[in-house]
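# Overview (structure and organization)
One letter stands for each residue in the lines below.
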Amino acid sequence: MVAASSVASTADQRTLCRHCADECGAGAVVSATGSFCCRGCESVFTILTSLGLDAFYALDESAGVSQRHASGFDSARFAILDDPAVRSRLITFDDGRLTRVTFSIPTIHCASCVWLLEQLWRFEPGVVRAEVDLLRRVLHVEFRPGLTTLRRVAEAIASLGYEPAITAEEGRVSQPPAVRRLYLQLGVAGFAFGNIMLFSIPRYANGGPLEGGFQRLFDVLNVLLAIPVLLFSASDYFRIAWRAVRTRVMALEVPLALGLAVLFGRSIVDITTSRSEGFMDSFAGLVFFLLIGRLFQQKAFDRIAFDRTFRSFLPLSVQAEREGGPTVVPIEQLRCGDRIRVRPREVVPADATLLDEAGIVDYAFITGEQVPVAVEGGETVRAGGRVVGRALRLRVQREVSHSQLASLWTNQVFATPKARWLTDVGARFAGWFTFGAIALAAAGALAWWPDAAMGANVATAVLIIACPCALSLAAPVTLGTAMGLLGTRGLYLKHPAVALDLSRVDTVAFDKTGTLTGSNEDEAVEPHGLTAGALRLVQWLAAESVHPTSRAIAAGIGSFVRTGAELHGSSPMLPPHITDVREDVGRGITGIVDGCRVAIGTASFVAAQSDRRVLGPADVTFAAAGTEWGWIRVSPAARAGIERATRLLAAAHELCLISGDHDGERPRWQRLFGRRMHFRQTPDGKLSFIRTAQARGRRVLMVGDGLNDAGALAAADVGMAVTDGTACMTPACDAVISGQRLADLPAFLAYARRAKHVVIACFAVSLIYNAAGLTLALAGALTPLAAAILMPVSSLTVVGLSAGAMRWSATRMLPV
Amino acid sequence: MSVIVLLIVAGGAVAAGFLAAFVWAVRSGQFDDTCTPAIRMLLEDGGRRLKPGEESQREIEIEVEMSAEPRRCL
């Protein structure tokens, strides 16, 4: 009763939670310090203010992480961290006196998070240091094992509202970043480039060889400086080129490596024969610029861990009932016949039989069904289902690795890496580019026949100038910049090349549940056949239940009844009197509200409770109040802006909807998708739908969220996973888009097309430079000075043009 | 002219010193995260332990001076 009245009163104004700045909807908590959207937020706020850490809110008003979805503070949750095998996965260093661990915390999102988490020593004595890496969303903690334990540290972090993601996937967070080697290579190349320049400029300024043995000295120093560049900084290019030659898959690295090798070799020959001062400055500069291009590409990585399997969706451990009481067992050790207990909001780790009489399981993520399913005792609960309402006792039927969920991952589509258009087109381009350069070099040499020295000179000059340095910078810098800028706007690409694939899609397939519709929080409620008075009774009773559908009805009817009441000028509401509430899990709830018998639930339940036949669509909730009956359809609201976005997309793309849900919502989406709607699709069905479209020659962008989309995401030309909030579970995909940004998809696609045009423009510019250089080379007039000017200038033009154009376009085309 | 040789040696030594410092910095992980330190330096060590019985108030002098829009690099 209290709950009902507080729901009604807080729904009136749009109050924002003091902790997380979310709107306080149903279940809001009002206390002396302010309004909160849930108890969790209130308790975090209390902890922070009691420690004088109010500055947290001063940095960013929406700094707090909403606790509405938190699994509730439960000390057994981290019991698994006492298990040595699990501990060793997280611990990166331990000498008995100091332990260093790395937690992955997906909810880290702003400066306040950094600040608060680095104050961890205030909350947990024994913590020596806490350091956040905002980009990778990890927290490094050092603590004294004598004073605290890993489990207590994890609990302290969780109590602040940052749930560490401890999943069954192994050793992902503690690897040192691959970018270190690239920085070292860049440092060495930069060092050599600068010093070689110092030793080369005197000769250029002098206009001829230096006297007094200095030329020899400088030449020798240049060679010494260039050797580490060849062996260390440029080594990756040679390795990739060698692999390309061996596997006969062409890559742009082949002409690049050829050019670098000729550049170095010709310089050595020139220096030893004293013909010229060599091209060592061009060589070091080239490698330096190439590595800068790689850094652009690398910078955009490491933000989101993409390569996840079904395991990262499962919990690390589960509470099992074995001989000697309940214990926490890692899910790998679950055996057939084990009895387990899964708490509300937790995920069932293995296919299991329900031991309780009844329960509710939400399969939205693995099948796309949006309405939680009622399960009766003895029925099977599939792995991946999320328990709703109250804890369930289950008996494991199959081990984790044999569950139906796991079998989703055995599909061939996950084993084969996706063909990227850039690699494809790059390989073909590199093929004829290499061939053209060699042919031109041979022709140049023949043209000077019989002057062999001049012929060799021209041939090597052609190969040097044809080295596609600027060309190979164009794509990484453009796409890397685009990827970084898209990332700041909520679209994360797995690889820069995905931007090019995005620019080429002509078909967009959407999943429904969780993709077009938001999370279960905002639901549209449409009642049929009930008057405002009866609806109010239904609402009051629904507020008594914890079932998600009831809560949605309670919240949704609130606004509906109020507008109705205002229209009819009724008197304001009085608090109701509710007695005899009885909830039948998975079927419905009954009670007497203000003397009137009310029943809400499935058709058969309501029929039995109210002694009358009720008829209606299959996917709705029935309700009877007194003499009236009717039904209520609860459907998640479409995300804001989706309609406009789909209309914009439809101009240039074929749109379709593939959903695992039943077709009860067909009329609702008719306007946007017309006849291209496919309901009741299994994961395999979705996959083959994509394959069929591709066989028709379409290039498909699949936008989905659940595990049931994983196959389709993997098969599509671009698979884009939608994630809500920050707890991102991203199945096999090429891009992750934040749910609030889905409406900006048309702008993102337009930006991707712009990126493609910029790459083409940069290709054109660098080819012009190459052509200019080639005329010099063929005339036998390519001096070291000309090369030293031409090569950096062309590289810098391309880097400036591509990065500048993408930044400028981002401010013009992308929403902030 | 031998002074030039001296200068080259000295200059090379200084440059090599910087290269060594750079290598050390990369190896010790200073380039692993180039984003968070930029934020961290703007934050004060705000917050203090309250004595038992002391009222907690939201209005405690907030020492952190930052623009309204916090810096994000995600």
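Since the structure is predicted, the reported quantities are computational estimates derived from the model, not experimental observations. (Residues numbered from 1 in each chain as written. Chains lettered and ligands numbered in written order. Predicted model: local features only at pLDDT ≥ 70, side-chain atom pairs only at ≥ 80, totals over all residues. Heavy atoms only, no water.)

## Section: the overall build of chain A
Looking only at helices and strands, chain A has 28 helices and 28 strands in total. The buried share among the 816 residues of chain A stands at 55%. Long-range contacts, defined as pairs at least 24 residues apart, comprise 68% of the intrachain contacts of chain A with a sequence gap of at least 6. When the accessible area of chain A is evaluated, it comes to approximately 33300 Å², of which 58% is carbon and sulfur surface. (Helix = DSSP H or I, 4+ residues; strand = E, 2+ residues; numbered from the N terminus. Buried < 20%, exposed > 50% of the residue type's maximum accessible area, 1.4 Å probe, protein only. Contact = heavy atoms within 4.5 Å. Areas by Shrake-Rupley, 256 points an atom, 1.4 Å probe, with all protein chains shown as cover.)

## Concerning the sheet that holds strand 10 (residues 352-354) of chain A
Residue and element names in this part refer to chain A. In space, the 6 strands of this open sheet follow the order 8-7-9-15-10-13, with antiparallel pairing throughout. Pairing within the sheet leaves two strands with one partner each, and these edge strands are strand 8 (325-330) and strand 13 (380-381). For strand 9 (residues 339-342) and strand 15 (residues 392-396), the ladder comprises 4 bridges, and the chain directions are antiparallel. In the strand pairing of strand 15, I340 is matched with L394. (Pairing = 2+ DSSP bridges.)

## Comments concerning the packing of aromatic side chains
Residues and elements named next belong to chain A. Under the definition given, this model contains 12 aromatic pairs over all chains. Arranged with centres 5.3 Å apart and planes meeting at 55°, the rings of F264 and F283 form a pair that is tilted. You can see F264 sitting in helix 11 (residues 253-272) and its partner F283 sitting in helix 12 (residues 280-299), a full 19 residues away along the chain. For F264, a relative accessible area of 12% puts it in the buried group. Connected via pairs of aromatic rings, a cluster forms that spans F429, W432, F433 and F763. (Phe/Tyr/Trp six-rings, centres within 6.5 Å; stacked < 30°, edge-to-face > 60°.)

## Some points on the confidence of the model for chain B
Predicted coordinates in areas of low pLDDT are best not read in detail. In the predicted model, chain B carries a mean pLDDT of 67, and the fraction of residues at 70 or more is 55%. Across residues 46-74 of chain B, confidence stays below pLDDT 50; counting only partners more than four residues off in sequence or on other chains, it has 64 contacts. (pLDDT = per-residue confidence, 0-100.)

## Observations regarding helix 15 (residues 421-447) of chain A
All names here are of chain A. Taking 1.5 Å as the rise per residue, helix 15 with 27 residues should run 39 Å; its terminal C-alpha atoms sit 38 Å apart, in good agreement. Among all positions of helix 15, only A427, F429, A430, F433, T434, A437, A441 and G444 are buried. For helix 15, the secondary structure elements touched by its buried residues are helix 11, helix 16 (452-465), helix 17 (469-487) and helix 27 (745-778). (Expected span 1.5 Å × (residues − 1).)

## As for the sheet that holds strand 24 (residues 654-658) of chain A
All names here are of chain A. Strand order in the open sheet formed by 7 strands is 16-28-27-26-17-24-25, and the pairing between neighbours is mixed. In this open sheet, the two strands that pair with only one neighbour each are strand 16 (491-493) and strand 25 (677-678). By the bridge criterion, 2 bridges tie strand 24 to strand 25 in an arrangement that is parallel. What sits directly across from I658, in strand 25, is H678.

## Topic: the side chain of R489 of chain A
Residue and element names in this part refer to chain A. With respect to the element layout, R489 can be found in the loop between helix 17 and strand 16. Buried charge without a partner: R489 forms no salt bridge, and the closest opposite charge is D744, 8.2 Å away. Within the local environment of R489, its side chain forms a polar contact with the side chain of T488, the two groups lying 3.1 Å apart. Among the polar contacts listed, one links the side chain of R489 to the backbone oxygen of P815, at a separation of 3.1 Å. (Lys, Arg positive; Asp, Glu negative; His and termini not counted. Salt bridge = Lys/Arg side-chain N within 4 Å of Asp/Glu carboxyl O. Polar contact = N/O pair within 3.5 Å; in protein donor to acceptor, adjacent residues only side chain to side chain.)

## Describing the nonpolar core
Residue and element names in this part refer to chain A. Counting 115 residues, the largest nonpolar core has F510 and L701 as its most contacted members. Setting aside residues up to four positions removed in sequence, F510 forms contacts with T515, L516, T646, L649, L655, C656, L657, I658, F673, V703 and L745. Core analysis: the next-biggest nonpolar cluster, separate from the first, contains 49 residues, C17, F36, C110 and L139 among them. (Core = buried A, V, L, I, M, F, W, Y, C linked by side-chain atoms within 4.5 Å.)

## What to know about unusual backbone geometry
Residue and element names in this part refer to chain A. A cis amide bond links W449 to the next residue, P450, at an omega of 5°. The phi dihedral of S274 is positive, around 60°, even though this residue is not glycine. One can find S274 in the loop between helix 11 and helix 12. Residue classification places S274 among the exposed residues on the basis of a relative accessible area of 52%.

## A short note on the pattern of salt bridges
Residues and elements named next belong to chain A. Using the criterion set out here, one finds 27 salt bridges over all chains in the structure. A salt bridge links E142 to R100; its shortest N-O distance comes to 2.8 Å. Taken as a pair, E142 in strand 6 (residues 138-143) and R100 in strand 4 (residues 99-104) lie far apart in primary sequence, 42 residues in all. Overall, the relative accessible area of 13% leaves E142 in the buried class. Judged by relative accessible area, which is 24%, R100 ranks as partly exposed. Between R671 and E643 there is a salt bridge whose closest N-O contact spans 3.2 Å. A residue pair is termed long-range when its members are at least 10 positions apart, and R671 in helix 24 (residues 666-673) and E643 in helix 23 (residues 642-650) qualify at 28 residues. Owing to a relative accessible area of 63%, R671 belongs among the exposed residues under this scheme. Residue class for E643 comes out partly exposed when judged on its relative accessible area of 34%.

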